[in-house]
Every structure is written in structure tokens, then in C-alpha cells.
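# Overview (structure and organization)
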Amino acid sequence: MKKRLLSICLTVLLVLSLTNAAMAASQTENSFIPGHVPAETDALQSVTPPIHALVLCMAENDLEYSKSDLFTWKCLYYMLSLYGQMDTRAELTDDTLILPAETAADYACALFPNFQGLPKVPTALAGHVAYDGQRDEYRLARGDEGLAETVLTGSRSLGGGRLLVEGKLTDAAGGSTLVRFEATLMPNDGMFGYAVADLKLL
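Thresholds, definitions, all that
Every chain is numbered independently, its residues counted from 1 as its sequence is written. Whole-chain, interface and lining totals are the exception, using all residues; otherwise, since this is a predicted model, local features are given only for residues with pLDDT of at least 70 and side-chain atom pairs are given and counted only at 80 or more. As a rule here, side-chain values cover all heavy atoms of the structure and leave hydrogens and water aside. Helix and strand labels come from DSSP, where a helix needs a run of H or I of at least four residues and a strand needs a run of E of at least two; each type is numbered from the N terminus. Here the term buried applies to any residue with accessible area under 20% of the maximum for its type, exposed to any over 50%, and partly exposed to those in between, with areas from a 1.4 Å probe on protein chains only. The criterion used for residue contact is that any of the two residues' heavy atoms lie within 4.5 Å. The protein chains shown are the only cover counted for residues, whose accessible areas, like all others here, come from Shrake-Rupley with a 1.4 Å probe. Any Phe, Tyr or Trp ring, taking Trp's six-membered ring, that has another such ring centre within 6.5 Å forms a pair; planes under 30 degrees apart are called stacked, those over 60 apart edge-to-face, and the others tilted.

The next subject is the overall build of the protein. Counting its regular elements, the protein contains 4 helices and 9 strands. Along the chain direction, N to C, the helices and strands of the protein fall in the order α-β-α-α-β-β-α-β-β-β-β-β-β. Burial status across the protein gives 49% buried among its 202 residues. Partitioning the contacts of the protein with sequence separation of at least 6, the portion at a separation of at least 24 is 55%. When the accessible surface of the protein is split by element, carbon and sulfur atoms take 49% of a total near 9,600 Å².

The following block contains the structure:
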């Protein structure tokens, strides 16, 4: 089931101009812009959506990577707002995105390693995310897609399947660099193939 979801979601969600599966050569730059569909993807490219959501959330809110409930839900809200509507399990109204709890958990698995389940939605996000216990689903206020682009500029192995990925967040209109980052990735058996174990804005 998860492999099928991975195939479906990656075909719809990712925007990357790819030249090789490992992305080992740092001189090759691969771009991701929400809303465009690539011809093909690989395991590393599949984790670009969670990286993009984390970097955007951290940069816009002046946050550091953590595993607090508030940080978890802030970043997850960004990711679900950007990509959740493209999931086949999503329902949309004019101003609301409705997702089963299972879907939200599938996305959260890529944002944090050793994911053990979604925490309660913090009061600070009550205006953006609401949980319906009877239907076991989340209702999210639909957000703006924004005009930022994540560009992965290189990667190297850290051993044990872990990767250190370098990249930058750019202004999609003008191409200027907004912030650079390093993300540590761990392989997992979730929908996106990896989880972000740490991310630093440089």
C-alpha cells in the first residue's frame, strides 16, 4: 500500500530536473517548484517536499529545527498545505483541506525520524488545523503556495544510509538566494523514503 502511495504521490508532487539518482556530484543542481510534475524521480528527490516545507517554515518563522509539538505541527501544516491537496485521499472545499489522520501521519513520517504518532494540535494553531475525532481526520485552512523554490545543490554519504544534503531556498521570480541549508536524512520505509533527522539554516 505504501509503495503504491509513494508511486502516486511522487508522480504528482515533485518538481525536479534530475540528471542522476545519487546526486553525488555537487555541481549538479536539482530544482523543485510546487505544482509541476517531473518525468521521473529517485529516492533522494522524493524527500524534497519535506525539506522544502521545513526550510520554508523555519525561514518564515525564524525557527530552529526541534521535535516540539508546536514545531512539528507548524512544519506539518506547511507540508500538508503545499502538497496535501494533491493526495488522492484529500477532500477540498473553497477554504478547507480535509485529510484522514493516516494521510497526515504519512507526511509527518518524512519530517521527523522515529515518528511515533501525531501529537495533539497545539492551541496556537487552532485557527489553522482542527482534528475531528469522530471521523479521524484533520481539517486545515488552505494556505498560500508561495513563490519560493528549493534547490538541492549536492549531497554526501554519512554512513549507515544517512545523507547530508546541501541546498538553498530561492525567490522563484528573481532567482535570488533567500537562505542556504544543510539537511541530514535517514532512510525509512515511509511514503517518501527518507526522514529529515536534522536541518540547519546557514
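Let us now look at the environment of Tyr 138. Here Tyr 138 lies in strand E5 (residues 137-141). With 17 residues separating them in the primary sequence, Tyr 138 and Val 121 have C-alpha atoms 9.7 Å apart. In this view, Tyr 138 contacts Trp 73, Leu 97, Ile 98, Leu 99, Ala 101, Ala 104, Leu 118, Val 121, Val 129, Ala 130 and Tyr 131; residues no more than four positions away in its chain are not counted.

This brings us to helix H4 (residues 101-111). In terms of burial, H4 is largely enclosed, as 10 of its 11 residues are buried. Buried within H4 we find Ala 101, Thr 103, Ala 104, Ala 105, Asp 106, Tyr 107, Ala 108, Cys 109, Ala 110 and Leu 111.

Below, the discussion takes up the packing of aromatic side chains. By the definition in use, this model includes 6 aromatic pairs. The interplanar angle of 65° and the centroid separation of 5.6 Å between the aromatic rings of Tyr 107 and Phe 192 together place this pair among those described as edge-to-face. Of this pair, Tyr 107 sits in helix H4 while Phe 192 sits in the loop between strand E8 (177-187) and strand E9 (194-201), and the two are 85 residues apart along the sequence. When its relative accessible area of 0% is taken as the criterion, Tyr 107 is described as buried.

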